[in-house]
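Structure at a glance
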Amino acid sequence: MITRRFVRIRSLKEGMKIDQTIKNQQGCILIARGTVMDEYLIDSLKKLQIAGVYICEGEEDPDNEEVKISKKAEEKIEKLMVSDRSKVKLSESVKNRVAEGVQFLYCSTDSADFENATNNITNELMRAITDNDAIAVDINALKVSDEYTFKHSVDVATMSMIIAKKYGLSEKEIYEIGIAGLLHDIGKSKIPNEVLNKPGRLTEDEFSLMKQHTLLGYQILKNKRDISSGVKMGVLQHHEKINGKGYPLGLSTEKIDIYAKILSVADIYDALVTERPYKKAFSQRDAVEMIMSLTGELDITAMKSFLGSVILYPTNSIVQLSNGEKAKVVENDPDYILRPKVVGLMSGRVYDLAKDINCASVIIR
């Protein structure tokens, strides 16, 4: 089994295999993902003042390991299988263009081509949504980069656009919130790398500096005429809370822009499910439950739109039930995303986790 962990540079040893791509500020690849580290490469990373990197350990699971399914279960699965709602799909070529574009934005905030590059990326994401009338998102399928900031920006942009569509916003507003999602953390380009990439807990002063990224982002965008005021407010306010306890201004719900309310939900969810040097990733299930617990901080309509847009357990995927049985997902219910309908692989029993009271005590682990 392959495992992934963060290793500080001082603990990096020859023979370790790097599980991320190292690039310079211009986006040129310095060390490719999968490279086996040697003394020269480790020394190069030290000179770049990189705090640490992800490595992979272990071996791939055998390809010939098959999941056993009884004939009874196969018949039930075939009869009950309902395709998921149409999801956002990004081809590899689109992912590459989007990744390159986002890197350019974060490294070239003063470029005359900034707005044009922003529109090009958003057009790619908008096309991915409209081409197959996507109304849902599976973030496991979105990965465009190994670099957290770029991946996070695309995740938040794509999720926010889908949430906005579910919310009922216009096509123009969906497009603009895509821009806001791409740029919501643009202010972090002005935060020192030693703070931005610190593997441990931030000090009070460092956290205060980090919180400045919303204001720094707004300052980067405020004089760019082709970027709407809604986008600028989304970037400025995406850490505000409806109870007035957010930052940078401590605004209450009626003063927070709708773009910011939607961005906030997508931002928190993606941060929760993404591994960082200073924390492990939460499972998607745990992250959803945490989002659902934040009714005092997040806009309830944005939250409901999010819950109706995310697919946690795609149909045809295999899950482990709390009663010990493995099962295959045959149908998702957007009103109960944690509790799809599944069929036990050996028993052939149908578990309608959302609606069958006899399944009330069964959960997906």
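Everything discussed here concerns the structure shown above.
Residues numbered from 1 in each chain as written. Predicted model: local features only at pLDDT ≥ 70, side-chain atom pairs only at ≥ 80, totals over all residues. Heavy atoms only, no water.

Examining unusual backbone geometry
Defined as follows: The way it works is that DSSP assigns letters per residue, a run of H or I at least four long becomes a helix, a run of E at least two long becomes a strand, and they are numbered from the N terminus.
Cis geometry is found at the peptide bond from Tyr247 to Pro248, where omega equals 15°. Tracing the chain through its elements places Pro248 in the loop between helix 10 (229–237) and helix 11 (258–273). Despite not being glycine, Asp133 shows a phi value in the positive range, around 50°. One non-glycine residue, Asn316, lies in positive phi territory at about 85°. The topology assignment puts Asn316 in the loop between helix 13 (300–307) and strand 6 (318–320).

Remarks on the side chain of Ser305
As a reminder of what qualifies: Between buried and exposed lies partly exposed: a residue is buried under 20% and exposed over 50% of the maximum accessible area for its type, with that area taken using a 1.4 Å probe on protein chains only. Pairing of N or O atoms within 3.5 Å defines a polar contact, subject to two protein rules: one partner must be a possible hydrogen donor and the other a possible acceptor, and residues neighboring in sequence count only if both atoms are side-chain atoms.
Following the sequence through the fold, Ser305 ends up in helix 13. Ser305 sits in the buried class, given a relative accessible area of 5%. Within the structure, the side chain of Ser305 is placed 2.9 Å from the backbone oxygen of Thr301, a separation counted as a polar contact.

Section: the packing of helix 5 (residues 148–167) against helix 6 (residues 171–183)
Basically, it comes down to this: Fitted lines through C-alpha atoms serve as axes, helices being fitted only where they are in contact, and the angles separating the N-to-C directions of these axes extend from 0 to 180 degrees. Throughout, the term roughly parallel applies to angles under 35 degrees, roughly antiparallel to angles over 145, roughly perpendicular to angles from 65 to 115, and oblique to all others. If you view the pair so one helix is near and one far, a crossing is left-handed when the near helix is turned anticlockwise from the far one by less than a right angle, and right-handed when it is turned clockwise. Contact criterion: two residues are considered in contact whenever any of their non-hydrogen atoms come within 4.5 Å of each other.
In contact at an axis separation of 7 Å, helix 5 and helix 6 are set at 155° when each is read in the N-to-C sense. Taken together, the axes of helix 5 and helix 6 are roughly antiparallel relative to one another. Where helix 5 crosses over helix 6, the handedness of that crossing is right-handed. Here Ser153, Val154, Val156, Ala157, Ser160, Met161, Ala164 and Lys165 of helix 5 lie close against helix 6, whose contacting residues are Ile174, Ile177, Gly178, Gly181 and Leu182.

Focus on the pairing of strand 5 (residues 52–57)
Where we set the bar: Strands were regarded as paired on the criterion that DSSP finds at least two bridges between them.
Strand 5 sits mainly inside the fold: five of its six residues count as buried. Across two bridges, the pairing between strand 2 (residues 17–18) and strand 5 is antiparallel. When the sheet's bridge partners are listed, Lys17 is paired in strand 5 with Cys56.

Remarks on the nonpolar core
Stated precisely, the cut-off is as follows: The set of buried Ala, Val, Leu, Ile, Met, Phe, Trp, Tyr and Cys residues whose side-chain atoms join them within 4.5 Å is what this entry labels a nonpolar core.
Residues Leu183, Tyr269 and Phe306 are the most contacted members of the largest nonpolar core, which totals 71 residues. Here Leu183 is in contact with Leu105, Tyr106, Phe114, Thr118, Leu221, Ile227 and Val235, once residues within four sequence places are set aside. Core analysis: the next-biggest nonpolar cluster, separate from the first, contains 13 residues, Leu12, Ile18, Ile31 and Ile55 among them.

Concerning the side chain of Lys224
Here Lys224 lies in the loop between helix 9 (213–221) and helix 10. If sequence neighbours within four positions are ignored, Lys224 has contacts with Thr109, Phe114, Glu115 and Lys232.

A few points about helix 3 (residues 92–107)
Stated formally: To estimate how far a helix should extend, the number of its residues minus one is multiplied by 1.5 Å.
A rise of 1.5 Å per residue sets the reference length of helix 3, with its 16 residues, at 22 Å; its end C-alpha atoms lie 23 Å apart and thus fit the reference within 8%. Among the structural elements, strand 3 (22–23), helix 4 (114–130), helix 5 and helix 6 are those in contact with the buried residues of helix 3.

Some details on the packing of aromatic side chains
Heads up, the condition is: Two rings belonging to Phe, Tyr or Trp (six-membered ring only in the last case) form a pair when the distance between their centres is within 6.5 Å. Interplanar angles under 30 degrees mark stacking, angles over 60 mark edge-to-face geometry, and anything in between is tilted. Whether a charge sits over a ring depends on NZ of Lys or CZ of Arg being within 6 Å of the ring centre and within 35 degrees of the ring normal.
Counted by the stated rule, this structure contains two aromatic pairs. When the ring centre of Tyr247 is taken as reference, the NZ or CZ atom of Lys211 above it lies at 5.1 Å. In this arrangement the basic side chain of Lys224 is found over the ring face of Phe114, its NZ or CZ atom lying 4.6 Å from the centre.

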